[in-house]
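# Breakdown of the fold
Each chain, letter by letter, is given below.
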Amino acid sequence: MSSSHYDSIVDQTGSEPGDEISAKKSKTVRRVWCDGCYDMVHYGHANQIRQARLMGDYLIVGVHCDEEVMKHKGPPVFNEDERYRMVRAIKWVDEVVENAPYITTVETLDKYNCE
């Protein structure tokens, strides 16, 4: 790419390369929370996570530990470490919170700066 081509790009856009990145960094990031046990991850789980991601810029997914799943739902098929890994592999997930509380409170949302 010649420098004259670069100059024409700068002249047409009115901005330098990297300006877009700076604008994105200064934008407030909307952090969204969702949670579940995510045992036997299926289409419904993926759709819930996809829809949650559409609600913001950064998705935090809480995954319940084996103890909480046992207490509220019964024995999980996959252990908590396997479920953490499965959820991390989903493309819409930005962060996984291991051992997430079974009941989401305002304090949990505040702790992770979620709206």
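Our subject in this report is the structure included herewith. (Residues numbered from 1 in each chain as written. Predicted model: local features only at pLDDT ≥ 70, side-chain atom pairs only at ≥ 80, totals over all residues. Heavy atoms only, no water.)

## Quick notes on the pattern of salt bridges
What counts is decided by this rule: The term salt bridge refers to a side-chain nitrogen of Lys or Arg lying within 4 Å of a carboxyl oxygen of Asp or Glu. Here a strand is any run of E in DSSP of at least two residues, a helix any run of H or I of at least four, and the numbering for each starts at the N terminus.
A full pass over the atoms with the stated rule returns six salt bridges. Between E95 and R31 there is a salt bridge whose closest N-O contact spans 4.0 Å. Of this pair, E95 sits in strand β3 (residues 95-98) while R31 sits in strand β1 (residues 31-36); the two residues are 64 residues apart in sequence, bridging distant segments of the chain. The residue R83 makes a salt bridge to D66 at a minimum N-O spacing of 2.5 Å. In this pair, R83 is assigned in helix α5 (residues 80-88) and D66 in helix α4 (residues 66-72), connecting sequence segments 17 residues apart.

## Re the environment of H72
Keep this limit in mind: Each residue is assigned to one of three classes by its accessible area relative to the maximum for its type, calculated with a 1.4 Å probe on protein chains only: buried under 20%, partly exposed between the two thresholds, exposed over 50%.
Here H72 is to be found in helix α4. Overall, the relative accessible area of 41% leaves H72 in the partly exposed class. In the structure, H72 is positioned 30 residues away from Y102 in sequence and 8.5 Å away in space, judged by C-alpha atoms.

## Some thoughts on unusual backbone geometry
Despite not being glycine, M40 has its phi angle at roughly 50°, a positive value. Mapped onto the elements of the fold, M40 is located in the loop between β1 and α3 (43-54). We classify M40 as partly exposed; its relative accessible area is 47%. Despite not being glycine, N113 has its phi angle at roughly 55°, a positive value.

## Things to note about the sheet that holds strand β2 (residues 58-63)
This is how the line gets drawn: A pair of strands counts as paired when DSSP detects no fewer than two bridges linking them. Lines are fitted to the C-alpha atoms to define the axes, a helix being fitted only along its stretch in contact, and any angle between axes, read from their N-to-C directions, falls within 0 to 180 degrees.
Taking strand neighbours across the sheet as the criterion, the three strands line up as β1-β2-β3 in an open arrangement whose pairing is parallel. Each edge of the open sheet is held by one strand with a lone partner, namely β1 and β3. Direction aside, the axes of adjacent strands within the sheet are offset by 25° on average. In the sheet, β2 pairs with β3 via four bridges, with the strands oriented parallel. In the sheet register, G62 faces β3, and the bridge partner there is V97.

## Some words on the environment of L59
Looking at the secondary structure, you find L59 in strand β2. In this structure the C-alpha to C-alpha distance between L59 and C34, which are 25 residues apart in sequence, comes to 7.7 Å.

## Notes on the pairing of β2
Inclusion rule: The path from the first strand over the helix to the second decides the hand: if it runs clockwise while the strands point away from the viewer, the crossover is right-handed.
For β2, a buried count of five out of six residues is recorded, marking the element as mostly surrounded by other parts of the structure. Judged from the six bridges that link them, β1 and β2 form a sheet pairing that is parallel. Note that in β2 the partner of V32 across the bridge is L59. This β-α-β element, β1 to α3 to β2, shows right-handed connectivity.

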